[in-house]
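As a plain string of letters, each chain reads:
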Amino acid sequence: MLRAEPVLAARGVSRRYGHRRVLFDVNLEILPGQALLLVGPNGAGKTTLLRVLAGLLRPSGGSVERRGSVSMVAHHSMLYDVLTARENLRFFARLHGVARQRVDELLEQLGLAPRADERVAAFSRGMTQRAAIARALLPDPELLLLDEPLTGLDDASSRVVLDVLAALRDRGRAMAIASHQLAELMGLVTAVGFLKEGRLLAVEPTDGRGTDSIMGRYRSLMAHG
Amino acid sequence: MGEMLRAAMAIAVKDLAVEWRTKTALVSSLAFAVLVLAVLFFARDPTAVSAVDVAPGALWVTFTFAAMIGLNRAFLMERENRALDGILLAPVPRTALFLGKVAANLAFVAAVEVVSVPLFVLFYDVPLWDRLPALALVIGTATFAFVVVGTLLSSMVVRTRFSEIMLPLLLLPFLVPPVVGAVQVTARILAGRPLSEAAGWLRLLLAFDIVFFAISTLLFTATLDE
Amino acid sequence: MTQRDRALLFARRGTLVTAVMLVALAGVYVRALLFTPIERFQGPAQKIFYVHAPAAWSALLAFAVTGVLSILYLWLRDRRLDLAGAASAEVGVAFSVIMLTTGPIWGKPIWGTWWTWDARLTSTLFIFLLFVGYIVLRGALVDPEMRARYSAVIGIMGLVLVPFIHFTVFLFRTLHPDPILMKPDKPSLPGDMLLTLLMSFGVFTVLYVGFLAQRYALGLLEDLRDEEAAGHAVS
């Protein structure tokens with residue numbers, strides 16, 4: 001495999017919230033075409049790590065170097081409830097300096113076109129999540145960060161989301177996904193990072209390993225660190 | 001610079017679109033303005049104090065308190081679903097966010113003022129129409145002053161509990177120079193005096209606008225998550 | 001030196017300075033009451049001036065220090081600057097209360113009214129209210145880092161606001177002179193009174209430093225307690 005330049009390199013990243021240390025000395029590189037799954041128990045620092053990588057939080061120590069644009073899909077939709085899906089996307093498109101045409105493309109791609117002119121408030125969880133992903137994809141980011149992207153989605157919505165992400169990965173875009181849903185994501189991810197109590201213990205390629213093998217590794221790492 | 005203003009404009013237009021959808025803040029502010037104008041009219045002894053004497057104070061109490069109802073709205077809408085993160089992730093300078101919020105808040109308060117002034121003329125029977133340009137000047141400079149400071153403060157207080165109380169508590173000391181100045185100038189305008197008589201007050205208002213616009217713009221990034 | 005040692009050192013020195021200064025304050029007052037001549041126009045009421053003016057000075061000094069520490073905090077991001085700024089603000093509020101209570105007591109016999117919208121009095125009132133807001137805001141924020149940044153913003157804004165408020169009240173007064181028995185401006189004092197007043201200013205300034213050191217020490221210890229609590233929560 002060709003050694004590509006990483007789209008993101010985190011070196012010695014730590015983060016505190018007030019007096020609470022949430023991340024310790026995280027070193028991480030994400031390459032183009034890589035889909036990294038971050039696993040770890042609740043409170044391990046997954047969300048904080050993603051927010052630091054996105055640039056929404058400043059690391060308390062260490063540095064994050066980004067090449068190209070970085071987008072994020074979080075728990076919250078980052079959309080305005082009283083505006084329609086199209087209005088929301090058009091607003092963010094203006095901020096990203098992206099043509100309006102791209103908004104229509106993404107609405108189509110994520111299966112939102114028929115309801116694009118309804119308020120986001122009226123959307124189901126699955127629809128909202130798809131709209132949130134459409135928003136994140138507006139600038140065609142080099143790196144997409146996703147925090148629990150499948151939580152609360154039905155099979156149909158999960159399918160749409162996974163297909164979109166797989167297409168992205170195949171186009172050489174990178175992504176990092178924090179999730180508990182290992183089984184659903186196995187077909188998508190190329191590497192797994194294990195996070196425990198704010199430390200990134202290991203990052204390992206999946207290399208065709210099955211869910212059981214990775215779960216076994218997860219349990220042994222969480223038990224012995 | 002052009003890019004910054006374009007982003008600021010996009011944010012302001014979006015803010016107003018969100019407000020226009022619900023009109024909650026706008027309707028409450030307008031209703032509040034009418035109530036205050038009416039109540040203050042009766043809060044005097046009509047045999048001793050003529051309406052025109054209390055009119056300037058009434059006008060500015062109405063404007064500032066009606067504005068305060070709307071100011072928190074600008075950042076509260078960003079808290080819901082944390083849309084603010086979406087804006088911060090976009091490649092726009094954070095100052096553009098502040099400028100956009102100030103512009104939207106100015107438009108909001110201006111809308112309240114445009115409705116309040118005719119009511120004010122009607123209720124207080126003040127001869128005003130020929131002095132409208134002068135009044136517009138003082139309303140513009142003073143409104144800018146408290147909207148700029150109020151926008152900065154609301155960016156912080158929406159992160160606290162009791163933000164509805166916290167905003168007036170922090171904002172009122174900053175209202176002293178612009179509101180006292182505006183009342184003084186308004187009183188002279190209503191009395192038919194030349195504007196040059198209030199030159200000192202106008203200078204104070206202008207200086208406040210410039211200084212606090214600069215410092216609020218500088219400090220704004222410190223109010224965002226980091 | 002650990003944070004606890006430093007805090008305890010500040011606490012000890014602050015307590016010592018405060019104790020010495022309280023004795024000195026008593027001394028100044030003995031001098032003011034017994035050995036300083038009674039002011040010809042104001043009579044014995046003028047004696048309160050030896051507390052009132054220095055307290056006002058200490059309050060404004062405290063707020064100015066908070067403003068400067070706020071600027072330094074946003075620049076250097078050192079948590080101790082925030083703790084010191086907050087300590088200074090609290091001490092400033094305490095001195096403001098002295099200033100705002102002694103002012104009317106003095107004003108009643110001298111100006112003939114408890115309260116007058118004098119420029120200095122009014123400015124101090126609003127600055128006092130602003131820093132009450134500062135303290136309330138601190139209480140409403142949990143994350144110490146956010147609390148520090150937000151407080152610093154208010155501290156800096158307050159520093160800039162002071163001259164504006166003062167000028168506002170000045171413009172207001174020159175246009176609407178109120179009936180006042182005597183000008184609020186200090187009359188040029190004869191030597192004895194001036195010396196007493198200067199001594200009082202000195203005592204209040206050092207007293208401010210003593211209070212500040214103690215409050216800062218308390219802030220450091222609170223900070224330490226929170227840190228230990230957070231440490232326990234993780235492990």
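Procedures and definitions
- Residues numbered from 1 in each chain as written.
- Chains lettered and ligands numbered in written order.
- Predicted model: local features only at pLDDT ≥ 70, side-chain atom pairs only at ≥ 80, totals over all residues.
- Heavy atoms only, no water.
- Helix = DSSP H or I, 4+ residues; strand = E, 2+ residues; numbered from the N terminus.
- Contact = heavy atoms within 4.5 Å.
- Buried area = accessible area lost by both parts, 1.4 Å probe.
- Salt bridge = Lys/Arg side-chain N within 4 Å of Asp/Glu carboxyl O.
- Polar contact = N/O pair within 3.5 Å; in protein donor to acceptor, adjacent residues only side chain to side chain.
- Domains from an automatic or database assignment.
- Nonpolar A, V, L, I, M, F, W, Y, C, P; charged D, E, K, R; others polar.
- Phe/Tyr/Trp six-rings, centres within 6.5 Å; stacked < 30°, edge-to-face > 60°.
- Buried < 20%, exposed > 50% of the residue type's maximum accessible area, 1.4 Å probe, protein only.
- Pairing = 2+ DSSP bridges.
- Right-handed = clockwise from strand over helix to strand, strands pointing away.
- Axes fitted to C-alpha atoms, helices over the stretch in contact; angles between N-to-C directions.

1. Some thoughts on the environment of Leu-60 of chain C
Stage number 1. Mapped onto the elements, Leu-60 of chain C comes out in helix α2 (residues 49-76).
Stage number 2. Sequence-wise, Leu-60 of chain C and Ile-127 of chain C are 67 residues apart; in three dimensions their C-alpha atoms are separated by 8.6 Å.

2. Thoughts on the interface of chain A and chain B
Stage number 1. At the junction of the two partners, chain A supplies 26 residues and chain B supplies 27 residues.
Stage number 2. When chain A packs against chain B, close to 2300 Å² is buried across both sides, 60% of that on carbon and sulfur atoms.
Stage number 3. In terms of surface lost to chain B, no three residues of chain A exceed Leu-56, Tyr-80 and Leu-95 of chain A, which account for 27% of the buried area on that side.
Stage number 4. Taken together, the links from chain A to chain B amount to two salt bridges.
Stage number 5. A salt bridge links Asp-85 of chain B to Arg-51 of chain A; its shortest N-O distance comes to 2.8 Å.
Stage number 6. Counting the contacts that link chain A with chain B gives nine residue pairs in polar contact (both at pLDDT 80 or more).

3. Observations regarding the domain arrangement of chain A
All names here are of chain A.
Stage number 1. The domains assigned to chain A are domain 1 (1-6 + 17-68 + 142-225) and domain 2 (79-140).
Stage number 2. Centre-to-centre separation of domain 1 and domain 2, based on C-alpha positions: 24 Å.
Stage number 3. Opposite the 14 residues of domain 1 that make contact, domain 2 presents 10 residues.
Stage number 4. Buried surface at the junction of domain 1 and domain 2, summed over both partners, amounts to about 1000 Å²; 61% is from carbon and sulfur atoms.
Stage number 5. At the boundary of domain 1 with domain 2, the tally comes to two salt bridges.
Stage number 6. For the salt bridge of Asp-140 with Arg-173, the shortest nitrogen-to-oxygen distance reads 2.9 Å.
Stage number 7. At the boundary of domain 1 and domain 2, one finds five residue pairs in polar contact (both at pLDDT 80 or more).
Stage number 8. With five residues, the single largest contributor to the side of domain 1 that touches domain 2 is helix α5 (residues 155-170).
Stage number 9. Residue composition of the side of domain 1 that touches domain 2, by class: seven nonpolar, three polar and four charged.

4. Re the packing of aromatic side chains
All names here are of chain B.
Stage number 1. One pass over the structure, following the stated rule, counts 22 aromatic pairs over all chains.
Stage number 2. Each ring, one from Phe-120 and one from Tyr-124, has its centre 5.4 Å from the other, and the planes form 35°; the classification is tilted. One end of the pair is Phe-120 and the other is Tyr-124, both in helix α6 (residues 94-124) and four residues apart, which spans about a single turn. As far as the burial class goes, Phe-120 and Tyr-124 line up, both buried.
Stage number 3. Taking the centre distance of 5.9 Å and the plane angle of 75° together, the rings of Phe-174 and Phe-212 count as edge-to-face.

5. Topic: the pairing of strand β9 (residues 199-205) of chain A
Residues and elements named next belong to chain A.
Stage number 1. Where strand β8 (residues 191-196) lies against β9, six bridges are found, and the strand directions are antiparallel. Bridge pairing in β9 links Gly-193 to Val-203.
Stage number 2. Taking the residues that link successive antiparallel strands as the turn, the β8-β9 hairpin has two residues, and the phi of Glu-197 there is positive, at about 45°.

6. Brief notes about the pairing of strand β7 (residues 174-178) of chain A
Residues and elements named next belong to chain A.
Stage number 1. Extensive coverage of β7 is indicated by the burial of five of its five residues.
Stage number 2. As defined by bridge partners, strand β3 (residues 35-39) adjoins β7 across four bridges and the pair is classed as parallel. Opposite Leu-36, over in β7, you have Ala-176 as the bridge partner.
Stage number 3. For the crossover that starts at strand β6 (residues 143-147), traverses α5 and ends in the parallel β7, the hand is right-handed.

7. Looking at the interface of chain B and chain C
Stage number 1. Facing the 32 residues of chain B at the interface are 30 residues of chain C.
Stage number 2. Both sides of the chain B and chain C interface together cover about 2800 Å² of buried area, and 81% of this is carbon and sulfur.
Stage number 3. Where chain B meets chain C, there are zero salt bridges.
Stage number 4. Here chain B and chain C share three residue pairs in polar contact (both at pLDDT 80 or more) between them.

8. Considerations on the sheet that holds strand β4 (residues 61-66) of chain A
As a general point, the strands of a sheet are linked pairwise by backbone hydrogen bonds and lie either parallel or antiparallel.
Residue and element names in this part refer to chain A.
Stage number 1. Strand order in this open sheet of three strands is β2-β1-β4, and the pairing throughout is antiparallel. Only two strands of the sheet have a single neighbouring strand rather than two, namely β2 (20-30) and β4. Across the sheet, the axes of successive neighbouring strands diverge by a mean angle of 25°, strand direction being ignored.

9. Remarks on the side chain of Gln-34 of chain A
Stage number 1. Within the fold, Gln-34 of chain A resides in the loop between β2 and β3.
Stage number 2. Apart from the residues lying within four places of it in its own chain, the contact partners of Gln-34 of chain A are Glu-29, Arg-173, Ala-174, Met-175, Thr-190 and Ala-191 of chain A.

10. A closer look at the pattern of salt bridges
Stage number 1. A complete count under the given rule lists 34 salt bridges over all chains for this structure.
Stage number 2. A salt bridge links Lys-101 of chain B to Asp-15 of chain B; the nearest nitrogen and oxygen atoms lie 2.9 Å apart. With a gap of 86 residues between them, Lys-101 of chain B in helix α6 and Asp-15 of chain B in helix α1 (residues 2-22) connect regions that are remote in the sequence.
Stage number 3. Each of Arg-16 of chain A together with Arg-79, Asp-223 and Glu-227 of chain C takes part in a single network of salt bridges with overlapping partners.

11. Overview of the environment of Arg-159 of chain B
Stage number 1. Mapping Arg-159 of chain B onto the fold places it in the loop between α7 (132-157) and α8 (163-190).
Stage number 2. As a C-alpha pair, Arg-159 of chain B and Asp-53 of chain B span 106 residues in sequence and 40 Å in three-dimensional space.
Stage number 3. Ignoring sequence-local partners within four residues, the contact set of Arg-159 of chain B consists of Arg-79 and Asp-225 of chain B together with Leu-141, Met-146 and Tyr-150 of chain C.

12. Digging into the sheet that holds β3 of chain A
Residues and elements named next belong to chain A.
Stage number 1. Here six strands make up an open sheet; going across it, the order is β5-β6-β7-β3-β8-β9 and the pairing mixed. Strands with a single pairing partner mark the edges of an open sheet, and in this sheet they are β5 (70-73) and β9. Going across the sheet, the axis of each strand differs from the next one's by a mean of 15°, ignoring polarity.
Stage number 2. Strands β5 and β6 of the sheet are contacted by helix α4 (residues 125-137), whose axis makes an angle of about 170° with β5.
Stage number 3. Helix α7 (residues 211-224) rests against β3, β8 and β9 of the sheet, and its axis sits at about 25° to β8.

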